[in-house]
Amino acid sequence: MAYAKNVRGISQATLERLDVGSATVFFPELNGQSEALVFAYRTGDEVVNWKAAAFPVKAFTSKKGGRLQFWNIERAAGSETIYGTEGEIDAASLVEAGIPVEQVISVPNGARSRPADAPTELRGYAYVEEALRSGLGRVKRFVWCGDNDGVGLGLRTDMVQLFGPARCHYVEWPEGCKDANDVLRRHGAAALHEMVTNRALPWPIEGVYRLSEVPELPPLTLWHPGFPEWESKVHLAPRTLSVVTGHPGHGKTTLFMQIWYQICRDYGLSAAIASFETRAKPHHRRTLRQLHAGKLEGNLSDREVRAADAWINDHFLWLLHPEQRPSLEWFLDMAEVAVVRHGARIIQVDPWNRLEATRERNETETEYIGRCLRTLHAFAHDMNCHLQVLAHPAKMDASRKGKAPELEDISGSKNWDNMVDQGFVVHRPKFIDENGRNTEAEFYQRKSRFEELGYPCKLKMTFDLQSGRYRSADYPGYAGLNHMPSTG
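## Considerations on the overall build of the protein chain
When its secondary structure is counted, the protein chain shows 15 helices and 20 strands. Dimensions of the protein chain along its principal axes, counting C-alpha atoms only, are 85 × 60 × 45 Å. Considering the protein chain as a whole, with its 488 residues, one finds that 53% of them fall into the buried category. Sequence separation of 24 or more characterises 65% of the internal contacts of the protein chain that already satisfy a separation of 6 or more. Here the protein chain has roughly 22600 Å² of accessible surface; of this, 48% comes from carbon and sulfur atoms. For the protein chain, the separation between the mean place of its 59 positive charges and that of its 62 negative charges on side chains is 4 Å.

## Structural notes on the nonpolar core
Phe331, Ile347, Trp352, Leu376, Leu387 and Val389 are the most contacted members of the largest nonpolar core, which has 38 residues in total. Where this core is concerned, the elements lending two or more residues are strand 10 (240-245), strand 11 (271-275), helix 13 (328-342), strand 13 (346-350), helix 14 (365-382) and strand 14 (386-391). Beyond its immediate stretch of four places on either side in the chain, Phe331 contacts Ala274, Leu319, Ile347, Gln348, Val349, Leu355, Leu376 and Leu387. Membership of the second largest hydrophobic core comes to 35 residues, among which are Ile89, Ala91, Ala92 and Val196.

## What to know about helix 4 (residues 88-96)
With nine of its nine residues buried, helix 4 lies for the most part within the structure. Taken as a whole, helix 4 has its buried residues at Glu88, Ile89, Asp90, Ala91, Ala92, Ser93, Leu94, Val95 and Glu96. In the segment just after helix 4, Gly98 is the residue with positive phi, at about 105 degrees.

## Examining the sheet that holds strand 4 (residues 60-62)
Read across the sheet, four strands follow the order 1-2-3-4 without closing on themselves; strand pairing throughout is antiparallel. In this open sheet, the two strands that pair with only one neighbour each are strand 1 (21-27) and strand 4. Sheet twist, expressed as the mean angle between neighbouring strand axes with direction ignored, is 35 degrees. Bridging between strand 3 (residues 46-54) and strand 4 involves three bridges; their strand directions are antiparallel. Following the sheet pairing, Ala52 is matched in strand 4 by Thr61.

## A look at the pattern of salt bridges
What the rule picks out here adds up to 24 salt bridges. Residue Arg199 is joined to Glu194 by a salt bridge in which the shortest nitrogen-to-oxygen separation is 3.9 Å. Lys414 is the partner of Asp417 in a salt bridge, and the nearest nitrogen-oxygen pair spans 3.9 Å. The exposure class assigned to Asp417 is partly exposed, which follows from its relative accessible area of 22%. Look at Lys414 and you get partly exposed, because its relative accessible area is 44%.

What counts as what
Residues numbered from 1 in each chain as written. Predicted model: local features only at pLDDT ≥ 70, side-chain atom pairs only at ≥ 80, totals over all residues. Heavy atoms only, no water. Helix = DSSP H or I, 4+ residues; strand = E, 2+ residues; numbered from the N terminus. Buried < 20%, exposed > 50% of the residue type's maximum accessible area, 1.4 Å probe, protein only. Contact = heavy atoms within 4.5 Å. Areas by Shrake-Rupley, 256 points an atom, 1.4 Å probe, with all protein chains shown as cover. Lys, Arg positive; Asp, Glu negative; His and termini not counted. Charge placed at Lys NZ, Arg CZ, Asp CG, Glu CD. Core = buried A, V, L, I, M, F, W, Y, C linked by side-chain atoms within 4.5 Å. Pairing = 2+ DSSP bridges. Axes fitted to C-alpha atoms, helices over the stretch in contact; angles between N-to-C directions. Salt bridge = Lys/Arg side-chain N within 4 Å of Asp/Glu carboxyl O.

Without other data, these values stay purely geometric and don't point to any function.
Okay, structure coming up:
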């Protein structure tokens, strides 16, 4: 296996210790056969899976229907110190650098595109739970030696959640190196051994830290709202909490139904809507049918209705309380089902005042709203979803009547301004003018906690009566219909 030694820096002796073989394997992504290193996944004496790494062209394949488990777990399950990697070649690099074979494992399927704070439920990590129950749970020191790119940092976040931060350490690779094999090839076995054994950093738990002790977090996954002319002014993201306000009848429900439709369409996502004033049938259905077909519901053919309804069934859920008396606890229980069972990434409650309050004895309304928003923010972060609340403003005094509200005008508490990640306002200055029905609207981003999500701005909109959708009025040349590429 000259490739392993000459290109990867891994000796024949190390490959033999790890039972790594070579073979000619068919790789679907290459549409042909290639020489490959073959890594066996064993349970006892049985090979329950295998993974092949092609060379010289990089490609991977594995046994169809093979069992998902850590590679090398049959040797490592009883060790008190474990070094985890994102791939088998990186694990073999650690063994080449002198880490005992019994202390090295690799995940079976690399890093995912997004991390999740509930990885066992959301991300298919059942094999980790099984390994922890079968002996890996006795590990006292888990050193993560994964990749330094965005998805690698996300996988690291998942592993810390699964193993528990108290036992977790992590390695920061030197500049120019993405993984353990890079370090082995560029700096040598001794340098790699030193980095993973003596320079691994403990995962911070709580307290005061030096900057060098704070791990890099995975970057925000950004969703463009589907109006290309907005450019970078507004983005939305999972793990964040937003609030939308506006006077009743000013279009906040309709505009954000369109925005979420466009995001679900462009990114292949699903949304769950807890709507207590706007009915799923016929109102939401009409809006979504018109958005899908690009024309009014009354002008749709039977084929267009069927196509729209099939798409809606695939991408939208509705949370409906059987007795029309929803509480925050009920809403969060149903939202968790939508996320865990159905993969929803967007959760919306519309409007907030229809959730029955469960204030504790001697708890003020301000304290209650603050407690609820902390709970909602934690849910969005833990469930890796965007959670949005639509809330009516309180009655405004005469001097501000007819003006767009601020976030602090929302009935209940200034916490609506302080505690959310993003705050939006939808406002219609006029309903009727000299020409009849006025369809102009103003969309404000009042607050953006993170610069990646955009910045406070005012965007002019108009509602197209012929297609039943909002369009941007700032840039008449745009229609707001283009599909936006993923930005994260």
